[in-house]
Amino acid sequence: MKVLQVNKYFFPDIGGVETVVNQYAQALNDYHTVKVLCVHKDFCLNTVEENINGIEVIRCSSFGTFMSMPISFSFFYYFFKYYREFDVFHFHEPFPLASILSLFLNEKKKIIVTWHSDIIKQKSLKRFVEYFQSFLCKKASIITTTSPNLLGFSAVLKKYSNKVCILPLGIDFDFENKEYPLGEYILCLGRLSYYKGIDILLEAFLKTETDKELLIIGDGDKSIVELILATQRSTSKKIKFINRFVNENEKQSFLQNSLFFVFPSIAASEAFGIIQLEAMSYGKPIINTNLPTGVPYVSLDNVTGITVEPSNILELTEAIDKLSFDKELVIQMGINARERVATHFSNSQIMAELLDIYDNL
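Values in this document were obtained by computation on a predicted structure and should not be read as measured data.

About the cut-offs
Residues numbered from 1 in each chain as written. Predicted model: local features only at pLDDT ≥ 70, side-chain atom pairs only at ≥ 80, totals over all residues. Heavy atoms only, no water. 1 Å grid on protein atoms, 1.4 Å probe; cavity = no way out; pocket = protein on both sides within 12 Å on 5 of 7 lines; lining within 4 Å. Points joined across faces, edges and corners; volume = space filled by probe spheres on them. Helix = DSSP H or I, 4+ residues; strand = E, 2+ residues; numbered from the N terminus. Pairing = 2+ DSSP bridges. Axes fitted to C-alpha atoms, helices over the stretch in contact; angles between N-to-C directions. Contact = heavy atoms within 4.5 Å. Core = buried A, V, L, I, M, F, W, Y, C linked by side-chain atoms within 4.5 Å. Buried < 20%, exposed > 50% of the residue type's maximum accessible area, 1.4 Å probe, protein only.

J.: Describe empty space enclosed by the protein, listing the residues and the values that go with them.
T.: Going through the model one piece at a time under the given rule, you end up with one cavity of 30 Å³ or more. Empty space within the largest cavity amounts to approximately 80 Å³. Cys188, Leu189, Gly190, Lys196 and Ile198 are, among the 13 residues lining the largest cavity, the residues nearest its centre. At the level of secondary structure, the elements contributing two or more residues to the lining of the largest cavity comprise β11 (185-189), β12 (213-217) and β14 (258-262).

Below, the structure written as structure tokens:
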């Protein structure tokens, strides 16, 4: 079959959804003809046709973004250019430009929708876009989403639950039994965005009794960067900040040598958190938050880590101290974490399920 994957951006652009689209394209390309239709992340008047690791990519011209939505007119041109040629159209939501295309899609076409998250922050855009998203889901042959939590949370998905299947995100996993070192620092790593809860983490950490170092790694919102730097200057607590995105080898090293991982997100914009899986694969317990999305589905409370209520400083303080002082608990939760990744989130298993979905079309 000829498959057109449709998403806002594509590798080498960095992002959780972009990682997933790349995984899907690579897995499908072994059995089908795959092309990716996306948009330049920054202002660019040229549409570029590329070959990236064997995947044909059409990166459409862009006038930049509005409310986190890329603006591109050539995107529509190239979609309809290839409309008759392709057998399967795989949409990754949310992507408002692609959602609008639902008006023109023939229901006889084979359509797959992967629902990564709801629109949360852009509330004025949400109602407008959800009309088209709902129409797209109505025409879809099958809808996948990354957790049962997200299915229960999303108003759009609930209406089409009869055609939804759960297809979690996955990572490449080394099944050999390995023992990883008990590190000496607490790690928080990722993009610094409004919903990541870094301010809550800093407030909680200042109240802890632990003498462990808190290592924060990432870049993003300037106000969050300034808050971390200001907190560093104003306290004797050990806080280290690496203000940049690290490469894959660096990330793996930081994860492997940490004691446990903190994922303090405070809003449903955080739909899954694949970095949790990466930390768990190294036998690291997770402190995450009880969001109505896939976040607490990835790492389970009192099994592979500790789940606290979003923005609850006291609960987060207690969780940090609990894991800082209980070595045996850290070891056991770390063992459980690796087992959960192996049984539920191995990329080879997830990609096999994706191929089954395509075969059943």
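Read on, since the account is not over.
J.: Requested: an account of the sheet that holds strand β1 (residues 2-6), with residues and values cited.
T.: The strand order across the open sheet built from eight strands is β3-β4-β2-β1-β7-β8-β9-β10, with neighbouring strands paired in mixed fashion. In the strand order of this sheet, the two ends are held by β3 (48-52) and β10 (164-166), each with one partner. Taken pair by pair, the neighbouring strands of this sheet meet at an average axis angle of 25°, ignoring direction. Relative to β10, strand β9 (residues 142-145) runs parallel, the two being bridged by three bridges. From the neighbouring strand, Thr145 faces β10, where its bridge partner is Ile166.

J.: Can you explain the side chain of Glu130? Please cite residues and give values.
T.: Relative to the helices and strands, Glu130 is located in helix α4 (residues 123-139). Residues within four places of Glu130 in sequence aside, it is in contact with Asp118 and Val156.

J.: Which residues make up the sheet that holds β12, and what values do they have?
T.: Read across the open sheet, the six strands follow the order β13-β12-β11-β14-β15-β16; overall the sheet is parallel. What marks the edges here is a single partner per strand, and that holds for β13 (239-242) and β16 (305-308). Strand after strand, the sheet turns through a mean of 20° between neighbouring axes, direction not considered. Packing against the sheet, helix α8 (residues 222-234) makes contact with β12 and β13, and its axis sits at approximately 145° to β13.

J.: So what about the nonpolar core? Which residues, and what values?
T.: Membership of the largest hydrophobic core comes to 55 residues, with the highest contact counts inside it found for Phe10, Leu187, Ile217, Phe254, Phe261 and Leu277. In this structure, Phe10 is in contact with Glu18, Val21, Asn22, Val36, Cys38, Ile52, Ile55, Val57 and Arg59, ignoring residues within four places of it in sequence. One finds Phe79, Tyr82, Phe86 and Leu151 within the second-largest nonpolar core, a separate group that totals 32 residues.

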